[in-house]
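Each chain is listed here by its residues.
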Amino acid sequence: MPRRAWIGLLCFWPGLPQIWTGQEVFGLLLAGFFAGAVNLAIASRWVWAEAFAPGSADFFAAAAVLTWWAAFAYTAWWVWLCHPDRHRQEIDRLYREAMEAYLQGRWNEARKRIERILAMDDRDSDALMQLGAIHVRTHRPDLARKAYRQCLEQDGGAKWRWEVERALAALDRPEA
(Lines give C-alpha, C1' and ligand atoms only; values in the text may rest on other atoms or scores of the structure.)
Protein backbone atom coordinates (compact mmCIF):
# COMPACT_ATOMS: atom_id res chain seq x y z
CA MET A 1 0.00 0.00 0.00
CA PRO A 2 1.47 3.42 -0.94
CA ARG A 3 2.63 5.76 1.81
CA ARG A 4 0.08 8.41 0.83
CA ALA A 5 -2.75 5.87 1.28
CA TRP A 6 -1.53 5.04 4.81
CA ILE A 7 -1.51 8.73 5.67
CA GLY A 8 -5.08 8.97 4.41
CA LEU A 9 -6.13 6.12 6.68
CA LEU A 10 -4.36 7.61 9.68
CA CYS A 11 -6.09 10.97 9.34
CA PHE A 12 -9.11 9.75 11.27
CA TRP A 13 -7.28 10.46 14.53
CA PRO A 14 -5.81 13.97 14.52
CA GLY A 15 -2.05 14.02 14.86
CA LEU A 16 -1.28 10.45 13.76
CA PRO A 17 -0.46 11.33 10.13
CA GLN A 18 1.80 14.15 11.29
CA ILE A 19 3.63 11.89 13.74
CA TRP A 20 4.03 9.20 11.07
CA THR A 21 5.46 11.68 8.56
CA GLY A 22 8.04 13.14 10.94
CA GLN A 23 6.12 16.17 12.21
CA GLU A 24 6.16 14.78 15.76
CA VAL A 25 5.70 17.99 17.78
CA PHE A 26 2.83 19.25 15.64
CA GLY A 27 1.23 15.79 15.63
CA LEU A 28 1.48 15.44 19.41
CA LEU A 29 -0.02 18.90 19.89
CA LEU A 30 -2.94 18.08 17.59
CA ALA A 31 -3.51 14.67 19.16
CA GLY A 32 -3.24 16.05 22.70
CA PHE A 33 -5.64 18.92 22.05
CA PHE A 34 -8.15 16.63 20.37
CA ALA A 35 -7.94 13.98 23.11
CA GLY A 36 -8.25 16.65 25.79
CA ALA A 37 -11.32 18.21 24.13
CA VAL A 38 -12.99 14.80 23.69
CA ASN A 39 -12.26 13.80 27.29
CA LEU A 40 -13.55 17.11 28.64
CA ALA A 41 -16.68 16.81 26.48
CA ILE A 42 -17.37 13.31 27.83
CA ALA A 43 -16.59 14.24 31.43
CA SER A 44 -18.70 17.39 31.36
CA ARG A 45 -21.65 15.63 29.74
CA TRP A 46 -21.82 12.23 31.50
CA VAL A 47 -19.24 11.82 34.26
CA TRP A 48 -19.05 15.04 36.33
CA ALA A 49 -21.82 17.07 34.76
CA GLU A 50 -22.41 18.95 38.02
CA ALA A 51 -18.76 20.06 38.24
CA PHE A 52 -18.85 21.97 34.95
CA ALA A 53 -20.72 25.13 34.02
CA PRO A 54 -23.86 24.70 31.93
CA GLY A 55 -23.04 24.65 28.23
CA SER A 56 -19.41 23.63 28.74
CA ALA A 57 -20.11 20.13 27.37
CA ASP A 58 -21.30 21.69 24.10
CA PHE A 59 -18.24 23.94 24.00
CA PHE A 60 -15.83 21.03 24.51
CA ALA A 61 -17.67 18.90 21.94
CA ALA A 62 -17.51 21.74 19.42
CA ALA A 63 -13.78 22.18 20.13
CA ALA A 64 -13.22 18.45 19.53
CA VAL A 65 -15.19 18.48 16.26
CA LEU A 66 -13.44 21.62 15.01
CA THR A 67 -10.04 20.17 15.91
CA TRP A 68 -10.89 16.97 14.04
CA TRP A 69 -12.05 18.86 10.94
CA ALA A 70 -9.06 21.21 10.95
CA ALA A 71 -6.61 18.30 11.32
CA PHE A 72 -8.40 16.32 8.61
CA ALA A 73 -8.37 19.30 6.23
CA TYR A 74 -4.69 20.01 6.91
CA THR A 75 -3.74 16.36 6.36
CA ALA A 76 -5.74 16.14 3.13
CA TRP A 77 -4.12 19.36 1.90
CA TRP A 78 -0.63 18.13 2.83
CA VAL A 79 -1.10 14.73 1.18
CA TRP A 80 -2.58 16.30 -1.94
CA LEU A 81 -0.10 19.17 -2.45
CA CYS A 82 2.99 18.74 -0.27
CA HIS A 83 3.74 15.03 0.07
CA PRO A 84 7.17 14.14 -1.40
CA ASP A 85 5.67 11.41 -3.61
CA ARG A 86 3.74 14.10 -5.45
CA HIS A 87 7.05 15.75 -6.36
CA ARG A 88 8.96 12.58 -7.28
CA GLN A 89 9.44 13.46 -10.97
CA GLU A 90 10.67 16.95 -10.12
CA ILE A 91 12.99 15.53 -7.45
CA ASP A 92 14.41 13.01 -9.92
CA ARG A 93 14.99 15.72 -12.54
CA LEU A 94 16.69 18.00 -10.02
CA TYR A 95 18.85 15.14 -8.78
CA ARG A 96 20.05 14.32 -12.32
CA GLU A 97 20.82 18.00 -12.94
CA ALA A 98 22.64 18.26 -9.62
CA MET A 99 24.77 15.22 -10.43
CA GLU A 100 25.63 16.64 -13.83
CA ALA A 101 26.63 19.98 -12.29
CA TYR A 102 28.63 18.20 -9.57
CA LEU A 103 30.54 16.09 -12.07
CA GLN A 104 31.37 19.21 -14.07
CA GLY A 105 32.70 20.97 -10.95
CA ARG A 106 29.81 23.45 -10.71
CA TRP A 107 29.33 22.80 -7.01
CA ASN A 108 27.28 25.88 -6.16
CA GLU A 109 24.76 25.04 -8.88
CA ALA A 110 24.64 21.42 -7.67
CA ARG A 111 24.13 22.60 -4.08
CA LYS A 112 21.20 24.81 -5.07
CA ARG A 113 19.45 21.92 -6.81
CA ILE A 114 20.06 19.57 -3.89
CA GLU A 115 18.67 22.18 -1.49
CA ARG A 116 15.54 22.45 -3.66
CA ILE A 117 15.15 18.67 -3.41
CA LEU A 118 15.50 18.84 0.37
CA ALA A 119 12.89 21.61 0.49
CA MET A 120 10.44 19.15 -1.10
CA ASP A 121 11.61 16.08 0.82
CA ASP A 122 13.83 16.75 3.82
CA ARG A 123 14.23 12.99 4.40
CA ASP A 124 15.91 12.22 1.06
CA SER A 125 19.06 10.38 2.16
CA ASP A 126 20.58 10.43 -1.35
CA ALA A 127 20.30 14.22 -1.51
CA LEU A 128 21.72 14.59 2.01
CA MET A 129 24.67 12.36 1.08
CA GLN A 130 25.33 14.44 -2.02
CA LEU A 131 24.96 17.69 -0.08
CA GLY A 132 27.64 16.48 2.31
CA ALA A 133 29.95 15.71 -0.61
CA ILE A 134 29.33 19.17 -2.07
CA HIS A 135 30.16 20.81 1.26
CA VAL A 136 33.39 18.82 1.40
CA ARG A 137 34.31 20.07 -2.08
CA THR A 138 33.51 23.68 -1.13
CA HIS A 139 35.56 23.45 2.10
CA ARG A 140 32.65 23.64 4.55
CA PRO A 141 33.42 20.75 6.91
CA ASP A 142 30.86 21.72 9.57
CA LEU A 143 28.02 21.75 7.06
CA ALA A 144 29.31 18.50 5.55
CA ARG A 145 29.28 16.80 8.98
CA LYS A 146 25.74 18.03 9.60
CA ALA A 147 24.50 16.75 6.22
CA TYR A 148 26.22 13.39 6.67
CA ARG A 149 24.75 12.93 10.16
CA GLN A 150 21.28 13.83 8.90
CA CYS A 151 21.73 11.27 6.13
CA LEU A 152 22.42 8.53 8.69
CA GLU A 153 19.30 9.48 10.67
CA GLN A 154 16.99 8.87 7.69
CA ASP A 155 15.32 5.56 6.85
CA GLY A 156 17.26 5.26 3.59
CA GLY A 157 20.53 6.40 5.16
CA ALA A 158 21.66 2.88 6.06
CA LYS A 159 22.75 2.27 2.47
CA TRP A 160 25.20 5.16 2.82
CA ARG A 161 26.58 4.16 6.24
CA TRP A 162 30.00 3.01 5.01
CA GLU A 163 30.52 6.07 2.79
CA VAL A 164 29.32 8.49 5.46
CA GLU A 165 31.51 6.98 8.18
CA ARG A 166 34.48 7.12 5.84
CA ALA A 167 33.75 10.75 4.90
CA LEU A 168 33.30 11.74 8.56
CA ALA A 169 36.59 10.06 9.47
CA ALA A 170 38.32 11.96 6.64
CA LEU A 171 36.84 15.22 7.89
CA ASP A 172 38.08 14.54 11.41
CA ARG A 173 41.66 13.79 10.30
CA PRO A 174 44.06 16.70 10.74
CA GLU A 175 45.37 18.22 7.52
CA ALA A 176 48.90 17.10 6.65
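Placed above this text is the structure.
Residues numbered from 1 in each chain as written. Predicted model: local features only at pLDDT ≥ 70, side-chain atom pairs only at ≥ 80, totals over all residues. Heavy atoms only, no water.

Even without glycine at this site, histidine 139 takes up a positive phi of about 60°. Mapping histidine 139 onto the fold places it in the loop between helix 7 (125–137) and helix 8 (141–153). (Helix = DSSP H or I, 4+ residues; strand = E, 2+ residues; numbered from the N terminus.)

On to the packing of helix 8 against helix 9 (residues 161–172), then. A pair of packed helices is characterised by two quantities: the angle between their axes and the separation of those axes. It is at 10 Å that the axes of helix 8 and helix 9 come closest, and there the two elements cross at 155°. On the basis of their axis angle, the class for helix 8 and helix 9 is roughly antiparallel. Relative to helix 9, helix 8 is oriented so that their crossing is left-handed. Facing helix 8, whose interface residues are Pro141, Ala144, Arg145, Tyr148, Arg149, Cys151 and Leu152, helix 9 presents Arg161, Val164, Ala167, Leu168, Leu171 and Asp172. Looking at the contact of helix 8 with helix 9, its residues break down into nine nonpolar, no polar and four charged. (Axes fitted to C-alpha atoms, helices over the stretch in contact; angles between N-to-C directions. Parallel < 35°, antiparallel > 145°, perpendicular 65-115°, else oblique. Left-handed = near helix turned anticlockwise from the far one by under 90°. Contact = heavy atoms within 4.5 Å. Nonpolar A, V, L, I, M, F, W, Y, C, P; charged D, E, K, R; others polar.)

Before going further, it helps to examine the nonpolar core. Core analysis: the largest hydrophobic core is formed by 24 residues, its most contacted members being Ile114, Ile117, Leu118, Tyr148 and Val164. Looking at this core, the elements that each hand over two or more residues are helix 5 (88–103), helix 6 (107–120), helix 7, helix 8 and helix 9. Not counting residues within four places of it along the chain, the set of residues in contact with isoleucine 114 comprises Tyr95, Ala98, Met99, Ala127, Gln130, Leu131 and Ile134. Counting five residues, the second largest nonpolar core, distinct from the first, contains Phe34, Ala37, Ala64 and Trp68. (Core = buried A, V, L, I, M, F, W, Y, C linked by side-chain atoms within 4.5 Å. Buried < 20%, exposed > 50% of the residue type's maximum accessible area, 1.4 Å probe, protein only.)

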